[in-house]
Amino acid sequence: MQITVKPFENSFAAEIGGIDIQNSVNKQQFKIIHESFLKHKVLIFRNQPLDDEAHQNFGMLFGELDGHINKSTRHKALPSVQVFSNVKPNGETTGVHPEKGTQVWHTDKSYTATPSLTTILRSPEIARVGGDTLFADMTRAYDTLSENMKTDIENLFAVHDWVRSREKSNERAATPDEIKAAPPVKHPIVRTHPETGKKSLYIGNHSSHILGMKLKEGETILADLEAHATKQDLIYRHKWQIDDVLMWDNRCTMHCVEPYDAAKEKRSVHRVVVKGDAPV
Ligand SMILES: [Fe+2]
């Protein structure tokens, strides 16, 4: 089977074909996937009916896996796998999307000192209407800023805070354990990709304010940068099919889930996250 890379027209993402992740990914295939990942930022693998163990093994090819702070979504037997589902064991829907923070623009685990390199998501159950995942290309977002704005933000740091992030997305309050596990951290607003050397905006819902700036002023700058980065012509919209596997580079993208009717539509995704470097 020959591995294929098909970039999408008018977008940065690409579809990878000619591979069976469940059964094996050889060195040559991994090399092509890795190069494509750096080039396209979001990769789509169609028709990959993985089990959780194969999903986890695929993630481990890219580095050390990182569990989620929210213990309620952890897979019972494989704690590195998170299950985000609105389907109860009896097959009915719970009526609510499992994590509201996923429905606002963010980059995964930026509230930690060493945020995610990549997230790998698979979709055993998809909504018939809504529930698309949207991606923003944060390298292009940076490149298309005015030169004045690039200079203004060059040396700024944002505070990323799990507690504040949950307040902003109207999620349940952080638990005492979560507060202890995820103290606020600071990251540069413009980060340099450790593998490509390209600069990207590094913001999103986990970023709460800008260090050394009045709270409101910093919030306004972050909101303006997000509005710029998420213009329609800069985003890729992923329409899920059953058994898609999606992986994205959290170091140079943001993403969010489009709303759907969580009372009518069943949606389950399984997630594996690979730990990355401290942003610089
Ligand atoms: Fe996410």
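It should be noted that the structure appears before, not after, this text.
First, a word on what this report is: a plain description of the structure on this page. On a predicted model such as this, the values are computed, not experimentally measured, just so you know.

### Some thoughts on the nonpolar core
Part 1 of the argument: Grouped together as the largest cluster of nonpolar side chains are 23 residues, with contacts concentrated most on Ile 33, Leu 43, Phe 45, Phe 58, Phe 62 and Met 247.
Part 2 of the argument: Put simply, the parts of the chain that give this core at least two residues each are β2 (14-17), α1 (27-40), β3 (42-45), α2 (52-60), β5 (116-125), β13 (245-249) and β15 (268-275).
Part 3 of the argument: Examining the composition of this core, we find that 3 residues originate from one element, α1, more than from any other.
Part 4 of the argument: Residues within four places of Phe 58 in sequence aside, it is in contact with Ile 21, Val 25, Ile 33, Phe 45, Ile 120 and Met 247.
Part 5 of the argument: Of all hydrophobic cores here, the second largest spans 21 residues; its members include Leu 134, Leu 201, Leu 222 and Met 254.

### A closer look at the pairing of strand β14 (residues 253-257)
Part 1 of the argument: Across the 5 residues that make up β14, a large majority, 5, are buried.
Part 2 of the argument: Of the two faces of β14, the one lined by Thr 253, His 255 and Val 257 and the one lined by Met 254 and Cys 256 are each fully buried.
Part 3 of the argument: Bridge count between strand β6 (residues 133-137) and β14: 5 bridges; the pairing is antiparallel. Bridge pairing links Leu 134 to Cys 256 in β14.

### Some remarks on the coordination of the iron ion
Part 1 of the argument: In this structure, His 106 (NE2), Asp 108 (OD) and His 255 (NE2) serve as the protein donors to the iron ion, at separations of 2.1 to 2.2 Å.
Part 2 of the argument: Along the chain, the residues that donate to the iron ion are spaced as H-x1-D-x146-H. Note that His 106 is positioned in the loop between β4 (81-85) and β5 and His 255 in strand β14, a separation of 149 residues in sequence.
Part 3 of the argument: Taking the relative accessible area as the measure of exposure, His 106 reaches 4% and is therefore buried.
Part 4 of the argument: Under the relative-accessibility criterion, His 255 is labelled buried at 5%.

Conventions and cut-offs
- Residues numbered from 1 in each chain as written.
- Predicted model: local features only at pLDDT ≥ 70, side-chain atom pairs only at ≥ 80, totals over all residues.
- Heavy atoms only, no water.
- Core = buried A, V, L, I, M, F, W, Y, C linked by side-chain atoms within 4.5 Å.
- Buried < 20%, exposed > 50% of the residue type's maximum accessible area, 1.4 Å probe, protein only.
- Helix = DSSP H or I, 4+ residues; strand = E, 2+ residues; numbered from the N terminus.
- Contact = heavy atoms within 4.5 Å.
- Pairing = 2+ DSSP bridges.
- Donors = N, O, S within 2.8 Å, 3.2 Å for Na, K, Ca; no water.

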